[in-house]
Number of protein chains: 2
Amino acid sequence: MAARPANPRMAADIIEAAATLVEEFGPEGITMRMVAERIGYSATTIYLYFKNKEQLLDETVNRAYDWFAEALERAQTGTTAPERIRQGAHAYVAWGLANPGMYRLMFEWGYLGDISEDAIFARRAGWRRTRNVLERGVEDGAYRPDLDSALAADTIWVGVHGLTSLAISGRMFGNPGVADPAVVNARSHQLADALADSWESAWRPGLGAS
Amino acid sequence: MAARPANPRMAADIIEAAATLVEEFGPEGITMRMVAERIGYSATTIYLYFKNKEQLLDETVNRAYDWFAEALERAQTGTTAPERIRQGAHAYVAWGLANPGMYRLMFEWGYLGDISEDAIFARRAGWRRTRNVLERGVEDGAYRPDLDSALAADTIWVGVHGLTSLAISGRMFGNPGVADPAVVNARSHQLADALADSWESAWRPGLGAS
DNA sequence: TATCTAACTTAACAACGTTTACTGACAGGC
DNA sequence: GCCTGTCAGTAAACGTTGTTAAGTTAGATA
């Protein structure tokens, strides 16, 4: 019935369909047949472009990491380190709340497959940026000179991930399920500020170590 | 082949089997047939005691919440509020790292089903205890008098959950997969202390609001 | 002894990820 | 202008999943 490169961007289209469906039905709701139907092919066709479902989702996640990193970069327009840290934290949570299905696939979905070293490196781009911002903050005197930038970057990541993860899961606001998005958003914003406050207090210069 | 209450504790046994298998194979690895085989019955028997897989896992999670709450309670032996907060944070992370499969099922597995109000209340026992400790800390002068205990309890939860979640996922230590448990443990401990430090700095009295 | 019922199983369903075997349509060589 | 190979895609099937429907069997009751 078919022949010759009907669509040279086939792999990209499959990934795009997968990304859309992950967002619509969550990581647990996506099936190969659904992805196939969305691009107008049969399920077996996907296997011509991807080894299996795991690899398809891995590559979908890789692309999502790029979007995510771009969103974080765009948000950090401030001139001081504490300003940029705050902007990054807010942008992180905002992206997660806007893309909960993809966020869960990226950060909570089982253990990692055999992804490449390059992919690992790419996925840590945000962390490296955070660390750089922190080091510039130390140089500028905004943070304590003895601040461990790797530990601090991990602390920030832990905080924003915890907030995003709990907000998405709907477990944080007293009631199960996803509460009113406006409430979730307001509370998440408040919490992100509380986290930023506590970091700044702990890392302010002149207070002595730890 | 069988007849009359062969086992009056059937439901409890099924839950126990499910809990063991969740820990061994993770939330995504457990199947009804596996649970059935473990208790020596056929898969359909489970449906005599539970409506479906979701309800079985819900009740399994309910029991796990009790264990979890007990572990947190046992750990908080200190006399001052900051001490108890620190102990609670460490116990939280330690429990998650010791029971990663169950932890993921409890806090990251899809959205919540239609669990009862009682179950919701029970699942928030740890949060309430944290809030009480914080309020006692305010009364004792260990924390700022204007500390918002609900916000602070959420902040703590967000921190320890983020740490536990990322540590379990194996995404935090540069390499994918679950790294050397000793490394994960040491880094998690260090991070838990960093979190506690930042909270205490931000909530110390006499520094002015936020 | 006959009947009822609780407790459990076997067989089957649709849907899942995945594999195998197939079907066309085009390209190049003769 | 035809043969042949290969590429792109599909249909059918496999084993496994959660779940349901239809038995089956052992003990209690009449």
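Residues numbered from 1 in each chain as written. Chains lettered and ligands numbered in written order. Predicted model: local features only at pLDDT ≥ 70, side-chain atom pairs only at ≥ 80, totals over all residues. Heavy atoms only, no water.

## Considerations on the overall build of chain A
Stage number 1. The helix and strand inventory of chain A stands at 10 helices and zero strands.
Stage number 2. Going residue by residue from the N terminus, the α and β elements of chain A occur as α-α-α-α-α-α-α-α-α-α.
Stage number 3. C-alpha extents for chain A along the principal axes are approximately 75 × 40 × 30 Å.
Stage number 4. Counting over 210 residues, chain A shows a buried share of 52%.
Stage number 5. Here the contacts in chain A between residues at least 6 apart in sequence split such that 65% fall between residues at least 24 apart. (Helix = DSSP H or I, 4+ residues; strand = E, 2+ residues; numbered from the N terminus. Buried < 20%, exposed > 50% of the residue type's maximum accessible area, 1.4 Å probe, protein only. Contact = heavy atoms within 4.5 Å.)

## A few points about the relation of the copies chain A and chain B
Stage number 1. Once chain A is rotated about the relating axis by 180° and shifted along it by 0.0 Å, it coincides with chain B to within an RMSD of 0.0 Å. What we have between these two chains is a two-fold relation. Minimal C-alpha separation from the rotation axis in chain A is found for Gly-162 of chain A, amounting to 1.7 Å. (Least-squares fit on C-alpha atoms with pLDDT ≥ 70 in both.)

## Let's talk about the domain arrangement of chain A
Residue and element names in this part refer to chain A.
Stage number 1. By the assigned domains, chain A splits into domain 1 (6-50) and domain 2 (61-203).
Stage number 2. Centre-to-centre separation of domain 1 and domain 2, based on C-alpha positions: 29 Å.
Stage number 3. Contact residues are listed per partner, giving seven residues for domain 1 and 10 residues for domain 2.
Stage number 4. For the pair domain 1 and domain 2, the two sides together bury roughly 710 Å², of which 62% comes from carbon and sulfur. (Domains from an automatic or database assignment. Buried area = accessible area lost by both parts, 1.4 Å probe.)

## Notes on the pattern of salt bridges
Stage number 1. Tallied over the entire structure, the rule returns 22 salt bridges over all chains.
Stage number 2. Between Arg-86 of chain B and Asp-193 of chain B there is a salt bridge, and its shortest N-O distance comes to 3.3 Å. On the criterion of sequence distance, the pair formed by Arg-86 of chain B in helix α5 (residues 81-98) and Asp-193 of chain B in helix α10 (residues 181-203) is long-range, its members being 107 residues apart.
Stage number 3. A relative accessible area of 22% means that Arg-86 of chain B is categorised as partly exposed.
Stage number 4. Between Arg-144 of chain B and Asp-146 of chain B there is a salt bridge, and its shortest N-O distance comes to 2.8 Å.
Stage number 5. Overall, Arg-144 of chain B belongs to the buried group, its relative accessible area being 10%.
Stage number 6. On the basis of relative accessibility, which here comes to 45%, the residue Asp-146 of chain B falls in the partly exposed class.
Stage number 7. Salt bridges sharing partners connect three or more residues here, namely Arg-86, Asp-193, Asp-197 and Glu-200 of chain A. (Salt bridge = Lys/Arg side-chain N within 4 Å of Asp/Glu carboxyl O.)

## So, the interface of chain A and chain B
Stage number 1. Taken residue by residue, the interface counts 47 residues in chain A and 47 residues in chain B.
Stage number 2. A combined buried area of about 4,300 Å² lies between chain A and chain B, and 62% of that area is made up of carbon and sulfur atoms.
Stage number 3. Taken together, chain A and chain B are joined by two salt bridges.
Stage number 4. Note that Asp-154 of chain B is salt-bridged to Arg-187 of chain A, the shortest N-O span being 2.5 Å.
Stage number 5. For the pair chain A and chain B, the interface holds 10 residue pairs in polar contact (both at pLDDT 80 or more).
Stage number 6. Of all elements in the fold, only α6 (100-107), α9 (149-169) and α10 (181-203) of chain A reach the threshold of two or more residues within the side of chain A that touches chain B.
Stage number 7. The dominant element in the side of chain A that touches chain B, judged by the number of residues it contributes, is α9 of chain A, at 14 residues. (Polar contact = N/O pair within 3.5 Å; in protein donor to acceptor, adjacent residues only side chain to side chain.)

## Points about the packing of aromatic side chains
Stage number 1. The tally for this structure, following the rule as stated, stands at 21 aromatic pairs over all chains.
Stage number 2. Considering the side-chain rings of Tyr-143 of chain A and Trp-203 of chain A, the 5.8 Å spacing of their centres and the 90° angle between planes classify their relative orientation as edge-to-face. Of this pair, Tyr-143 of chain A sits in the loop between α8 (125-139) and α9 while Trp-203 of chain A sits in helix α10, placing them 60 residues apart in sequence. The two residues Tyr-143 of chain A and Trp-203 of chain A agree in class, both being buried.
Stage number 3. Centre to centre, the rings of Tyr-65 of chain B and Phe-107 of chain B are 5.6 Å apart; their planes meet at 65°, and the pair counts as edge-to-face. With Tyr-65 of chain B in helix α4 (residues 53-75) and Phe-107 of chain B in helix α6 (residues 100-107), this residue pair connects regions lying 42 residues apart in the sequence. Here Tyr-65 of chain B matches Phe-107 of chain B in class, with each residue buried.
Stage number 4. In this structure an aromatic cluster arises from ring pairing among Tyr-65, Phe-68, Tyr-92, Trp-95, Tyr-103, Phe-107 and Trp-157 of chain A.
Stage number 5. Over the face of the ring belonging to Phe-121 of chain A we find Arg-128 of chain A, whose NZ or CZ atom lies 3.6 Å from the ring centre. (Phe/Tyr/Trp six-rings, centres within 6.5 Å; stacked < 30°, edge-to-face > 60°. Lys NZ or Arg CZ within 6 Å of the ring centre and 35° of its normal.)

## Concerning the packing of helix α9 (residues 149-169) of chain B against α10 of chain B
Residues and elements named next belong to chain B.
Stage number 1. Relative orientation of the contacting elements α9 and α10 amounts to 165°, with a least axis distance of 10 Å. With respect to each other, α9 and α10 are oriented roughly antiparallel. When you trace α9 past α10, the crossing you get is right-handed. Residues Ala-152, Thr-155, Ile-156, Gly-159, Val-160, Leu-163 and Ala-167 of α9 form the contact with α10, whose own contacting residues are Val-184, Ser-188, Leu-191, Ala-192, Leu-195, Trp-199 and Trp-203. (Axes fitted to C-alpha atoms, helices over the stretch in contact; angles between N-to-C directions. Parallel < 35°, antiparallel > 145°, perpendicular 65-115°, else oblique. Left-handed = near helix turned anticlockwise from the far one by under 90°.)

## Focus on helix α2 (residues 32-39) of chain A
Residues and elements named next belong to chain A.
Stage number 1. Residues of α2 that are buried: Met-32, Val-35, Ala-36 and Ile-39. For α2, the buried positions fall inside an angular range of 100° around the axis, keeping them on one side. Exposed residues lying more than 90 degrees from the buried face of α2 are Arg-33 and Glu-37.
Stage number 2. Looking at the buried side of α2, the elements it contacts are α1 (10-25), α3 (43-49) and α4 (53-75). (Arc of directions from axis to C-beta.)

## Observations regarding the environment of Arg-38 of chain B
Residues and elements named next belong to chain B.
Stage number 1. Topologically, Arg-38 is positioned in helix α2 (residues 32-39).
Stage number 2. Here Arg-38 falls in the partly exposed class, since its relative accessible area comes to 48%.
Stage number 3. With residues up to four places along the chain from it excluded, the contact list for Arg-38 reads Ala-17, Thr-20 and Leu-21.

## So, α8 of chain A
All names here are of chain A.
Stage number 1. Spanning 15 residues, α8 covers 21 Å between terminal C-alpha atoms, matching the ideal 21 Å at 1.5 Å per step.
Stage number 2. Within α8, the full set of buried residues consists of Trp-127, Thr-130, Val-133, Leu-134 and Gly-137. All buried residues of α8 project into a common sector of 125° when viewed along the axis, lining one side.
Stage number 3. The inward-facing, buried residues of α8 abut α5 (81-98), α9 and α10. (Expected span 1.5 Å × (residues − 1).)

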